[in-house]
Amino acid sequence: MAADEPLVLGIETSCDETGVGIVRGTTLLADAVASSVDTHARYGGVVPEIASRAHLEAMVPTIERALKEAGVSAKDLDGIAVTAGPGLAGALLVGVSAAKAYAYALNKPLYGVNHLASHICVDQLEHGPLPEPTMALLVSGGHSSLLLAPDITADVRPMGATIDDAAGEAFDKIARVLDLGFPGGPVIDRLAREGDPNAIAFPRGLSGAKDPAYDFSFSGLKTAVARWIEAKRAAGEEVPVRDVAASFQEAVVDVLTRKAVRACKDQGVDHLMIGGGVAANSRLRALAEERCERAGIRLRVPRPGLCTDNGAMVAALGAEMVARNRPASDLELSADSSLPVTDPHVPGEHGHGHSHDHDHVHEISKENLYP
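Residues numbered from 1 in each chain as written. Predicted model: local features only at pLDDT ≥ 70, side-chain atom pairs only at ≥ 80, totals over all residues. Heavy atoms only, no water.

## Comments concerning empty space enclosed by the protein
Moving on, step 1. For the structure shown, the criterion picks out 1 cavity of 30 Å³ or more.
Moving on, step 2. Taken as a whole, the largest cavity holds about 40 Å³ of empty space.
Moving on, step 3. With 3 residues, strand S7 (residues 144–151) is the largest single contributor of residues to the lining of the largest cavity.
Moving on, step 4. Looking at the lining of the largest cavity residue by residue, the class counts come to 5 nonpolar, 2 polar and 3 charged. (1 Å grid on protein atoms, 1.4 Å probe; cavity = no way out; pocket = protein on both sides within 12 Å on 5 of 7 lines; lining within 4 Å. Points joined across faces, edges and corners; volume = space filled by probe spheres on them. Helix = DSSP H or I, 4+ residues; strand = E, 2+ residues; numbered from the N terminus. Nonpolar A, V, L, I, M, F, W, Y, C, P; charged D, E, K, R; others polar.)

## Side note on the sheet that holds strand S10 (residues 298–300)
Moving on, step 1. Judged by pairing direction, the sheet is mixed, and its 5 strands sit side by side in the order S8-S7-S6-S9-S10 without closing on themselves. Each having just a single partner strand, strand S8 (155–161) and S10 make up the two edges of the open sheet. Neighbouring strand axes in the sheet, compared pairwise and without regard to direction, differ in orientation by 25° on average.
Moving on, step 2. In this structure, S7 lies alongside S8, joined through 5 bridges in antiparallel fashion. (Pairing = 2+ DSSP bridges. Axes fitted to C-alpha atoms, helices over the stretch in contact; angles between N-to-C directions.)

## Here's the deal with the environment of Ala74
Moving on, step 1. Structurally, the position occupied by Ala74 is in the loop between helix H2 (48–70) and strand S4 (79–85).
Moving on, step 2. Placed 66 residues apart in sequence, Ala74 and Val8 show a C-alpha to C-alpha distance of 9.7 Å.

## Here we look at helix H8 (residues 219–234)
Moving on, step 1. In this model, H8 (16 residues) spans 22 Å end to end at C-alpha, consistent with the 22 Å of a helix rising 1.5 Å per residue.
Moving on, step 2. For H8, the full list of buried residues reads Leu221, Lys222, Val225, Ala226 and Ile229. Along the long axis of H8, the arc covered by the buried residues comes to 130°, so they all point the same way. Facing away from the buried side of H8 by over 90 degrees, the exposed positions are Arg227 and Ala234.
Moving on, step 3. Structurally, H8 contributes buried residues whose contacts are with helix H6 (167–177) and helix H9 (241–267).
Moving on, step 4. Gly236 lies just past H8 and shows a positive phi near 75°. (Expected span 1.5 Å × (residues − 1). Buried < 20%, exposed > 50% of the residue type's maximum accessible area, 1.4 Å probe, protein only. Arc of directions from axis to C-beta. Contact = heavy atoms within 4.5 Å.)

Here's what the structure looks like:
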């Protein structure tokens with residue numbers, strides 16, 4: 001870690017996690033998270049208004065905790081990065097507003113970055129600089145995407161995506177049918193270890209010869225599993241929860257890994273990066289490793305804590321933007337709930353979004369904030 005590498009604070013509020021990370025170059029200094037998942041569990045899913053309110057309450061304490069953990073002062077930062085999209089509009093707005101306020105008060109460049117590109121870039125914090133191009137499989141509650149990134153700061157190309165339910169969404173819905181609570185991913189992963197993945201032949205979506213090579217569909221699988229469970233209950237039979245969990249999980253990870261390895265081979269890319277919340281799934285990791293090894297592909301998967309939404313991933317991409325001299329965002333930056341992955345960041349119109357005139361009142365405010 002060199003002292004001249006960019007020191008960047010990243011803010012992530014796309015869903016229900018208030019994440020604040022601080023990195024210097026590709027070294028992680030702090031990763032502070034405040035989660036509201038327990039509040040949402042009562043409703044069986046994320047409630048946008050509750051998430052926004054939780055971000056609002058957690059923002060300043062989480063930023064202060066990250067600065068303390070990193071052992072740096074806010075005025076030492078070289079930039080502020082924030083998830084500008086995609087995500088829940090209200091939740092994103094809280095993060096973007098906070099980032100703009102800090103960037104203005106500190107007179108630091110602001111970088112509005114893409115949530116999905118950040119999930120790819122976070123791997124730099126664990127395994128060093130990303131190969132170029134990078135093939136990435138991103139799987140979470142909102143996304144199942146295959147992406148090719150020749151340059152993570154400027155060129156990210158969608159290869160395939162889910163046409164209906166994302167993988168994480170399917171995990172949550174099946175967990176609900178089995179009365180396992182929310183979120184569904186961790187509990188299904190745990191129960192599946194004690195079940196037989198071959199006990200029930202659940203369908204593999206979009207796996208036919210004429211189906212799109214890199215797209216995903218989990219809606220049919222979700223319906224098939226739910227109907228199988230309903231039929232068992234209607235017949236008065238006990239549902240073998242562990243076998244259902246294992247067979248369902250196997251159907252999901254089989255398709256994900258098969259298509260990801262195929263994309264690497266077709267594009268001549270000799271490695272695969274897996275990110276997003278579902279990348280914490282133990283069976284996905286094991287099967288991906290097995291298939292990548294067989295195909296001569298190097299697998300890169302961050303540790304589980306860096307797979308779920310966090311501020312470290314936003315800071316990682318922000319630091320890369322600074323290092324590559326990408327234009328900062330304007331202070332007029334707004335949240336974009338459907339920001340396309342082809343936009344890794346939102347540059348300002350003039351390429352130097354952090355410059356602005358100060359008046360006496362603002363100078364006094366800054367002195368009060370940061371003596």
